[in-house]
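A structural walkthrough
Spelled out from the first residue to the last, the chains are:
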Amino acid sequence: MIATTGTTTPPKQGSPILAEENINPDTRHGVILYVEDVSVSFDGFKALNDLNLYINDGELRCLIGANGAGKTTLMDVITGKTRPDVGKVSFGQQVDLLSLSEAEIARAGIGRKFQKPTVFENLTVFENLELSLAGDKGIITSLFHKLSSEQKDRIAEILKTIGLTPQEKQLAGALSHGQKQWLEIGMLLAAQPRLLLVDEPVAGMTAQETERTAELLTSLAGEHSVVVVEHDMAFVRSIARKVTVLHQGSVLAEGSMSEIQSNPDVIQVYLGEEQG
Ligand SMILES: Nc1ncnc2c1ncn2[C@@H]1O[C@H](COP(=O)(O)OP(=O)(O)OP(=O)(O)O)[C@@H](O)[C@H]1O
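Rules used throughout
Residues numbered from 1 in each chain as written. Predicted model: local features only at pLDDT ≥ 70, side-chain atom pairs only at ≥ 80, totals over all residues. Helix = DSSP H or I, 4+ residues; strand = E, 2+ residues; numbered from the N terminus. Buried ≥ 20, exposed ≤ 12 C-beta atoms within 10 Å, placed from the backbone. Contact = placed C-beta atoms within 7 Å. Pairing = 2+ DSSP bridges. Axes fitted to C-alpha atoms, helices over the stretch in contact; angles between N-to-C directions. Near = placed C-beta within 6 Å. Nonpolar A, V, L, I, M, F, W, Y, C, P; charged D, E, K, R; others polar. pLDDT = per-residue confidence, 0-100.

Along the chain, the regular secondary structure elements total 10 helices and 12 strands. In the chain, which comprises 276 residues, the proportion classed as buried is 41%. Residue pairs in contact within the chain that sit at least 24 positions apart in sequence constitute 70% of those at least 6 positions apart.

For the rest of this paragraph, the subject is the sheet that holds strand 11 (residues 242–247). If you walk across this open sheet you meet the six strands as 8-9-10-4-11-12, and the pairing is mixed. Since the sheet does not close on itself, it has two edges, and those belong to strand 8 (110–113) and strand 12 (250–255), each with one partner. Pairwise comparison of adjacent strand axes, ignoring direction, gives a mean angle of 20° for this sheet. Looking at chain direction, strand 4 (residues 60–64) and strand 11 are connected through four bridges and run parallel.

Right, let's talk about the site of the ligand for a bit. Of all residues adjacent to the ligand, which total 11 residues, the nearest are Phe42, Ala47, Lys71, Thr72 and Thr73. Here the element with the most residues in the shell around the ligand is helix 1 (residues 71–78); it accounts for three residues. For the shell around the ligand, the residue count by class is three nonpolar, seven polar and one charged.

On to the environment of Ala190, then. Topologically, Ala190 is positioned in the loop between helix 6 (177–189) and strand 9 (195–199). A count of 23 C-beta atoms within 10 Å places Ala190 in the buried class. Separated by 57 residues in the primary sequence, Ala190 and Leu133 place their C-alpha atoms 5.3 Å from one another. Ignoring any residue separated from it by four or fewer positions in sequence, one finds Ala190 in contact with Leu129, Ser132, Leu133 and Ile158.

On average, residues of the chain score 86 in pLDDT, and 85% of them reach the 70 mark or higher. Across residues 1–5, where pLDDT falls below 50, the model places eight contacts with residues more than four positions away in sequence or in other chains. Note that residues 7–20 has pLDDT below 50 and, in this model, 26 contacts with residues that lie over four places away or in other chains. The ipTM for the predicted assembly is 0.94, set against a pTM of 0.86.

Dropping the structure here:
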């Protein structure tokens, strides 16, 4: 029988993301994300096919693959948007992500950055971060609530990390495309995620913005684990210590960029296209 149980649910709006509710995943074996034997079918088509992936605590991993390889579906499974037909997905050794809702997964400490920035254009950079810090307390409470010195320090720290301290009073709508992307990364950081999933962060960026983004993502690794889905191979080369290549819903190869580049299967199905 053909399985058609890969289901996609729309993201819940206004989901509370509170840093203090983050749970502490058990990473005693050095792994923060386990994806094991996961398959997802859409009307009989296997978008993910017996996929196995392990992300180490604190690592920066790049995920590459041709169009339709399953990268987005994998991100959707990790964040609870799509439920697999079979398989196991856990945050650390014990937290079963398949039993949690999208909001609960976000609260558990998994942040996702979509390709298109979604900052509040009519608020300042500082206010955008203030709102993210407020979590489910909401916009009204947050605007009338006086920030504690600890919260102010936290915002200052995030501004420094994302390189937007000089722009803190600027309206987010006036930022460049690259700056908006960094602000959104900062808004995710307000929830203190352990794992960050970042979808095509440098699409549409200038060369200088791309370089700055490479520095930013590299600086986040260590304290956070970061998975970057990216098509820009020059960017992947500049940041990746370890690259996973997806092909037809499975892992085709995994290793350093030079290992990947010399892998005959990869050359044939992916890099071959790029070079060819
Ligand atoms: N909701 C859905 N219903 C039916 N098919 C889907 C659905 N979502 C994804 N697919 C199919 O599953 C396959 C994998 O798609 P996915 O978006 O995960 O690939 P991708 O690697 O992210 O590609 P891209 O680089 O183009 O974003 C594609 O063939 C896609 O058409």
